[in-house]
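Commentary on secondary and tertiary structure
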Amino acid sequence: MIVVENLVKSYNATRVLHGVDHCQQRGEAVVLIGPSGCGKSTFLRCLNQLEVADAGSITIGDVTVTGGGPPRNAEERERQRRLRLRAGMVFQSFNLFPHLTVLQNVAEAPRFVKRMPRSQAEAAASALLAKVGLEEKAGAYPAQLSGGQQQRVAIARALAMEPEVMLFDEPTSALDPELRDEVLRVMRQLAEEGMTMIVVTHEMQFARDMADTILFFEGGRVLEAGSPEQIFTAPVHERTREFLRRASTR
Amino acid sequence: MSNAWRLSRGSFSFLVFVLLLASRPPPGFCADHLQTIQARGELLWGADAEGGAPYVYPDPQKPEQMAGFEFDLANALAARIGVKAKMVQNQWDQLLPALDRGNFDIILNGLEITADNRQHAAMSRPYYVYAQQIVTRTDTMGPSDLDGLKGKTVGVLASSAAQRLLQRLGAVDVKSYPGNVESLLDLKARRIDVVVLDLPIALYYAKPDPALKFSGEPFSPGYYGVAVRKEDLSLLAAINQALEQFIRDGTLERIYRRHGLWDDRQAALAAYQPEAVVQRKSISTLREWPKYLPLLLRGALTTVALSVLGMAVAVVTGLVVVLARLYGPPLMRWLAQAYVEVVRGTPLLIQLFMIYYGLPQIGLRLNAFLAGILGLGLNYAANEAENYRAGIQSIPKGQTEAAQALGMTQAQILRRIVLPQALRFVIPPVTNDFIAMFKDSSIVSVITLVELTKVYGELATSTYDYIGLGLMTAGIYFALSYPASIFASRLERRLAYDRR
Ligand SMILES: Nc1ncnc2c1ncn2[C@@H]1O[C@H](COP(=O)(O)OP(=O)(O)OP(=O)(O)O)[C@@H](O)[C@H]1O
Ligand SMILES: [Mg+2]
């Protein structure tokens, strides 16, 4: 369902992704782990085209973007946008729209991107808010919510576009420990419902519980991939072992 | 807190304004001014060299030097009392107040000997007999006498004899201009059909112009005289003596012939008998406010209309400019940036002159009101564009990325996410600009618009009550601008979605 081949990305002269390959089935939950600065965020951002890769190809569902470089014409721009619509993104810093209510945040893209009638978009938004346990906050503004609540709204906002894959970039790193569980619970529920997901996280217990596959990233490459049992109990690489040992003592 | 600060700054500048008016030196502070001048070695004479030919003007051949018949006369006068002449530049319709303030010793600049002027200064015996001349375009059959002017729009120099004459006549739509050239430019631009002006000006500016013609004979003759402060009696006597001598020995005739201004009328100079001056008591406009306040309010109406419409132009144009600058293709970005830099780097006055007097020369003729709105609006548009840019760039990048990730297009992101959030940051600086434009709009009097400050200036020069009228005028400005700033801070608070 997701196929990434030889993805290369540099910022100015610094190469950040050194030809990443990745393949993922529908319904598979993948967790990316790895040291800081190894390119995890860059990889996710390339997947939904917030960054444009220099080379390689990305396929999500029935859309493929190849060749790298920014879109050169209307057709390429449209293909880029269609790829984007296949993936929903949840950011570390929530990035809710502060001038819109919770309900409007969730209904915004369905209304204006999918051209859904307002009543229908808001009904769907209410249902999604109920799913993340926030239906009573529909009329509130983001500034009136706790961090955990904001991140759950952000998840509902991404889900509203009915993406084929959900991308999470450290969704709980900006939260106090006591607020993390409510977000992780929602993500776990999504995984159980069979949502295809890629999650960047430092929550090792969570990764172990919910991941189908774990990718260990280092220096802009996938150093090691495998099931949680494999990675956590019998990592092949010394670097992986060292990273996990440090992560568990932290 | 910011509100209290704004209020106190407002009242502070108001206080300073009043103090400045009150600190004018009292008249009569110098006993024998002639001796002071002789000790100083310089006779300071006030005149306006802008559009000032043939009276006094920068010599076209040597622009750093002055020329003109009054320039020559001033030199002759100064020589007679044994000093050098030195010109002090001053806007023409403010010459009398400036004399009173002690900016110079005499006025020698086409000032008519009238009862009104004699209220404010002592006038010498006449040095020139002028008359009024009607000027029209060559291609029109214009009126050739005073009665023919009724029902017409007639251009005149502000505070000139022609303006008073026509206002007394009534039934004439009088349009007053800050200088001599501007009325003739508007005549050629077909904004007006007739100009009435002093004959010497007409001889210099209109006669040689093939597009313009004299219509009818000169009429309403009058005298130019030298004005001195009323208490400077010895100076007045010395000037009268000198002028009498110049008339007798032919010095005056020589000067006037050199400038092509000598005519039969000048024979009256020798036979002049001064009329007795009837003293009027000075006016307190504050006590007579029901008479003056409505006039000021009518000017305020123009000020409000100008600044509201001008700001509307600025707000909309500024948005177009900032969008071109931030999101347009490279050439458009460059043009938008150039627009902002050029407009912000040049004076509003020059922009107004170019729009009002310059555009007709390439075939685009706007009336004064439209030109004023356009001038103010396009000028402020550059500021608004910069305000918007600061507002847009203060929106975190994460907002755009979140919207992109949801599949919104560039235009949707701008319209639905970035601009609504930028609005709140932009309201305070835009309100400040609105209030600034409200006050800046007084500059449009240079293109014949009569707004609040112009009305104040006109009333103050005729009543001499700068303080009373000033208090009323300042009160009107404040009463109009303060609610605007209150309204803005309310609006800003209403939009504070993250502090509920
Ligand atoms: N916009 C940018 N311009 C230049 N360099 C960048 C940019 N974004 C990221 N980088 C660099 O690219 C490298 C990879 O960054 P990335 O954010 O993908 O790492 P990461 O694995 O997500 O790290 P972390 O765990 O700290 O979030 C880093 O060295 C970073 O400094
Ligand atoms: Mg990261």
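Predicted model only: the values in this text are computed from it and were never measured.

**Here's the deal with the overall build of chain A**
Looking only at helices and strands, chain A features 9 helices and 10 strands. Here the C-alpha radius of gyration of chain A, 18 Å, is about what a compact globule of 250 residues would show, namely 18 Å. Summarising its shape, the C-alpha atoms of chain A cover approximately 55 × 50 × 30 Å along the three principal directions. Out of the 250 residues belonging to chain A, those deemed buried represent 56%. Sequence separation of at least 24 residues holds for 64% of the intrachain contacts in chain A that already meet a minimum separation of 6. Total accessible area on chain A stands at roughly 10800 Å², and carbon and sulfur atoms take up 45% of it. The distance from the centre of the 30 positive side-chain charges to the centre of the 31 negative ones in chain A is 5 Å.

**Overview of the site of ligand 1**
All names here are of chain A. Residues in close proximity to ligand 1 include Y11, V16, S36, G37, C38, G39, K40, S41, T42 and E170, which together make up its full environment. Note that an oxygen atom of ligand 1 is positioned 2.6 Å from one of the side-chain N or O atoms of S36. Within the side chain of E170, an N or O atom sits 3.3 Å from an oxygen atom of ligand 1. Protein coverage of the free-state accessible area of ligand 1, which is 630 Å², stands at 56%.

**Focus on the packing of aromatic side chains**
The geometry of an aromatic ring pair is captured by the separation of the ring centres together with the interplanar angle, meaning the angle of the planes. Residue and element names in this part refer to chain B. Scanning the entire structure with this criterion turns up 20 aromatic pairs over all chains. Aromatic pair F69 and Y256: ring centres 5.5 Å apart, planes at 85°, arrangement edge-to-face. With a gap of 187 residues between them, F69 in helix 3 (residues 69-80) and Y256 in helix 10 (residues 251-258) connect regions that are remote in the sequence. You'll find F69 and Y256 in the same group, each marked buried. Considering the side-chain rings of Y128 and Y224, the 5.9 Å spacing of their centres and the 20° angle between planes classify their relative orientation as stacked. Of this pair, Y128 sits in strand 6 (residues 122-137) while Y224 sits in strand 10 (residues 212-228), and the two are 96 residues apart along the sequence. Y224 shares its class with Y128; the two are buried.

**Considering the domain arrangement of chain B**
Residue and element names in this part refer to chain B. Its domain assignment divides chain B into domain 1 (31-280) and domain 2 (289-499). Across the boundary between the two partners, domain 1 contributes 18 residues, which contact 19 residues of domain 2. Our count for the domain 1 to domain 2 interface comes out at 0 salt bridges. Scanning the region where domain 1 abuts domain 2 turns up 6 residue pairs in polar contact (both at pLDDT 80 or more). Residue classes in the side of domain 1 that touches domain 2 are distributed as 7 nonpolar, 4 polar and 7 charged.

**Focus on the sheet that holds strand 2 (residues 14-24) of chain A**
Strand pairing within a sheet occurs via backbone hydrogen bonds; the two strands may be parallel or antiparallel. All names here are of chain A. Spatially, 4 strands are ordered 2-1-4-5 in an open sheet, and the strand pairing comes out antiparallel. Two strands in the sheet have a free side with no partner beyond their single neighbour: strand 2 and strand 5 (63-66). Adjacent strand axes in the sheet meet at a mean angle of 15° when their direction is disregarded. Here strand 1 (residues 2-11) pairs with strand 2 via 8 bridges, running antiparallel. Across the sheet, the residue bridging to L7 is V20, located in strand 2. Strands strand 1, strand 2 and strand 4 (55-60) of the sheet are contacted by helix 1 (residues 40-47), whose axis makes an angle of about 120° with strand 1. Sheet strands touched by helix 2 (residues 74-86): strand 4 and strand 5. Its angle to strand 5, the strand with the most contacts, is close to 125°.

**Observations regarding the pattern of salt bridges**
All names here are of chain B. One pass over the full model with this rule turns up 35 salt bridges over all chains. Between R164 and E112 there is a salt bridge, with its nearest N and O atoms 3.5 Å apart. Remark: E112 occurs in the loop between strand 5 (106-107) and helix 5 (115-120) and R164 occurs in helix 6 (residues 161-169); sequence separation between them is 52 residues. Close ionic contact of E386 with R325 constitutes a salt bridge, the shortest N to O distance being 2.8 Å. You can see E386 sitting in helix 14 (residues 368-393) and its partner R325 sitting in helix 11 (residues 289-327), a full 61 residues away along the chain. Across the pair, exposure class does not vary: E386 and R325 are buried alike.

Cut-offs applied
- Throughout this document, residue positions are counted from 1 along each chain, in the order its sequence is written.
- Here chains are named by letter from A upward and ligands by number from 1 upward, in the order in which they appear as written.
- The model is predicted, so local features are restricted to residues of pLDDT at least 70 and side-chain atom pairs to those at 80 or more, both for listing and for counting; the totals for chains, interfaces and linings are taken over all residues.
- With hydrogens and water set aside, each side-chain value is computed from the structure's full complement of heavy atoms.
- Strands here mean DSSP runs of E at least two residues long; helices mean DSSP runs of H or I at least four residues long; both are numbered from the N terminus.
- Two things to know: the radius of gyration comes from C-alpha atoms, and the globule rule equals 2.2 Å times the number of residues to the power 0.38.
- Exposure classes here rest on a 1.4 Å probe applied to the protein chains alone. A residue is buried below 20% of its type maximum, exposed above 50%, and partly exposed in between.
- Whether two residues are in contact is decided by their heavy atoms: any pair within 4.5 Å suffices.
- For every accessible area listed, the method is Shrake-Rupley and the probe measures 1.4 Å; residues are considered covered only by the protein chains on display.
- Working convention for charge: Lys and Arg count positive, Asp and Glu count negative, and His plus the chain ends are omitted.
- By convention, the point assigned to a charge is CZ for Arg, NZ for Lys, CD for Glu and CG for Asp.
- Think of it this way: one heavy atom of a residue within 4 Å of a molecule or strand is enough to make that residue near it.
- Here a polar contact means two N or O atoms within 3.5 Å. Within protein one must be a hydrogen donor candidate and the other an acceptor candidate, and residues neighboring in sequence count only if both atoms are side-chain atoms.
- A pair of aromatic rings is counted whenever rings of Phe, Tyr or Trp (Trp by its six-membered ring) have centres within 6.5 Å, and the orientation is called stacked for planes under 30 degrees apart, edge-to-face for over 60 and tilted otherwise.
- These domain boundaries are the output of an automatic or database domain assignment.
- Salt-bridge detection follows one rule: a side-chain nitrogen of Lys or Arg within 4 Å of a carboxyl oxygen of Asp or Glu.
- When residues are sorted by character, Ala, Val, Leu, Ile, Met, Phe, Trp, Tyr, Cys and Pro go into the nonpolar class, Asp, Glu, Lys and Arg into the charged class, and all the rest, Gly among them, into the polar class.
- Any two strands between which DSSP finds at least two bridges are classified as paired.
- Working convention: axes come from line fits to C-alpha atoms, limited for helices to the stretch in contact. Angles between N-to-C directions cover 0 to 180 degrees.

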